[in-house]
Amino acid sequence: MAKQKLKFGFIGCGGNSRGHGRSVSGVENVEIIALADPSENALKAFKETVGLDDSIPTYADHVEMLTTEKPDAVVISSPHGLHFDHIMSALDAGCHVHTEKPMVCTVDHAKQVIAKVEETGLHLMIGYQRHLSPTYQYCRKVVQSGELGKVNFVAAHQSQNWYRNQQGKWRQDPFLGGGGQLNDSGSHLIDILLWVLEASPDTVFAMIDNLDIEVDVLTAMSIKFDTGALCNISIVGHAYGGVQEDFSIWMEDGALFLRAGKLYRQGTGGKPEQVDESELPKGGNKDAAFIELIRGERTENPIGVENGLRVIQLTEAAWQSAELGKPVKVDLS
């Protein structure tokens with residue numbers, strides 16, 4: 001039986017978007033029918049990289065693209081500060097939405113998006129691909145099953161050369177970036193922490209350094225969850241090399257350690273041992289998962305709007321804490 005035919009539009013055609021384009025174009029009976037980006041160079045590079053015919057319509061304005069071409073779904077990979085406008089326009093046009101992270105940059109915007117999704121009945125999925133990672137799925141399963149007991153403490157670290165690499169680019173613009181490193185790559189770490197624990201952050205205390213730019217570069221954050229678990233998060237945007245990420249979870253009867261993509265498990269009294277790949281759940285591709293969701297081949301959205309709301313709630317609380325210089329309660333209302 002032939003798969004449901006789907007027509008895709010793209011809003012934002014920069015480097016990140018082209019990876020989505022290759023994934024989407026490789027799925028059976030999915031066609032990219034239009035592109036929207038104010039940069040002619042970005043549009044041209046997208047077509048060349050993804051291998052699209054030059055005749056595919058392109059637009060400088062996303063609303064014109066949505067109105068004229070009427071895609072079934074869109075992939076949004078625009079600057080963070082534009083996500084809210086692009087998401088709302090796409091939902092109003094009757095499109096399912098796959099948006100890059102963060103979903104939006106304020107709690108108020110997140111709540112408006114949630115209301116619009118409920119009103120339209122359309123799917124919105126966020127590009128937090130760690131939800132589809134075998135290692136993080138394994139961590140979530142262990143934590144949620146309670147097989148190693150209650151979580152006592154979590155430590156998460158991420159570092160990259162963000163400060164230097166993004167000089168003069170949109171990610172360091174307060175409006176377009178919607179914040180700094182904490183709201184950029186750091187939001188992946190916030191999201192996966194909240195998803196693995198499925199606990200509500202109660203109190204946060206953050207210290208933030210912008211260095212000599214307008215947005216945050218370095219963040220040291222401590223969190224207390226409603227379960228009693230404590231957590232330290234380090235977001236280091238001033239480091240050499242590519243992205244490095246460590247994740248540690250200490251429970252009553254053992255621990256899990258994610259180091260350089262390898263997962264280790266420790267039981268009571270034993271040494272940490274690497275978890276064999278055969279024990280890990282099956283992973284997935286976020287673009288393929290989005291298409292499966294639209295087609296009804298998935299019954300549950302793996303990265304829904306509630307994840308986007310939780311991330312910005314904690315992020316806003318961290319910004320507030322750093323500004324006030326004291327711990328603050330996380331408003332989850």
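For the structure, see preceding data.
Our subject in this report is the structure included herewith. Since we're looking at a predicted model, the values are computed, not measured.

**Some remarks on the overall build of the protein chain**
Part 1 of the reasoning: Tallying secondary structure elements over the protein chain gives eleven helices and 15 strands in all.
Part 2 of the reasoning: Expected size for 333 residues packed as a compact globule is a radius of gyration near 20 Å; at 20 Å, the protein chain falls within 12% of this value.
Part 3 of the reasoning: Overall, the protein chain is about 65 × 50 × 40 Å in size when its C-alpha atoms are taken along their principal axes.
Part 4 of the reasoning: Put simply, the protein chain has 333 residues, and 52% of those count as buried.
Part 5 of the reasoning: Long-range contacts, defined here as pairs at least 24 residues apart, represent 69% of the contacts in the protein chain between residues at least 6 apart.
Part 6 of the reasoning: Accessible surface, the protein chain: about 14700 Å² in total, of which carbon and sulfur atoms supply 48%.
Part 7 of the reasoning: When the 30 positive and 44 negative side-chain charges of the protein chain are each reduced to one mean point, those points stand 4 Å apart.

**What about the pairing of strand β7 (residues 151–159)?**
Part 1 of the reasoning: Inspection of the sheet shows β7 paired to strand β11 (residues 244–251) by eight bridges, in the antiparallel sense. Residue pairing for β11: serine 159 is matched across the bridge by glutamine 244.
Part 2 of the reasoning: With seven bridges joining them, β7 and strand β10 (residues 230–236) adopt parallel strand pairing. Counted as the bridge partner of serine 159 is valine 236 from β10.

**Let's talk about the sheet that holds β7**
Part 1 of the reasoning: Strand order across the open sheet formed by nine strands is β14-β13-β12-β11-β7-β10-β9-β8-β15, with mixed pairing between neighbours. Looking at strand neighbours, the two that pair on one side only are β14 (273–274) and β15 (328–329), the edges of this open sheet.
Part 2 of the reasoning: Contacts from helix α6 (residues 134–145) reach β7, β11, β12 (254–259) and β13 (262–267) within the one sheet, and its direction differs from that of β11 by about 15°.

Conventions and cut-offs
- Residues numbered from 1 in each chain as written.
- Predicted model: local features only at pLDDT ≥ 70, side-chain atom pairs only at ≥ 80, totals over all residues.
- Heavy atoms only, no water.
- Helix = DSSP H or I, 4+ residues; strand = E, 2+ residues; numbered from the N terminus.
- Rg over C-alpha atoms; globule rule 2.2 N^0.38 Å.
- Buried < 20%, exposed > 50% of the residue type's maximum accessible area, 1.4 Å probe, protein only.
- Contact = heavy atoms within 4.5 Å.
- Areas by Shrake-Rupley, 256 points an atom, 1.4 Å probe, with all protein chains shown as cover.
- Lys, Arg positive; Asp, Glu negative; His and termini not counted.
- Charge placed at Lys NZ, Arg CZ, Asp CG, Glu CD.
- Pairing = 2+ DSSP bridges.
- Axes fitted to C-alpha atoms, helices over the stretch in contact; angles between N-to-C directions.

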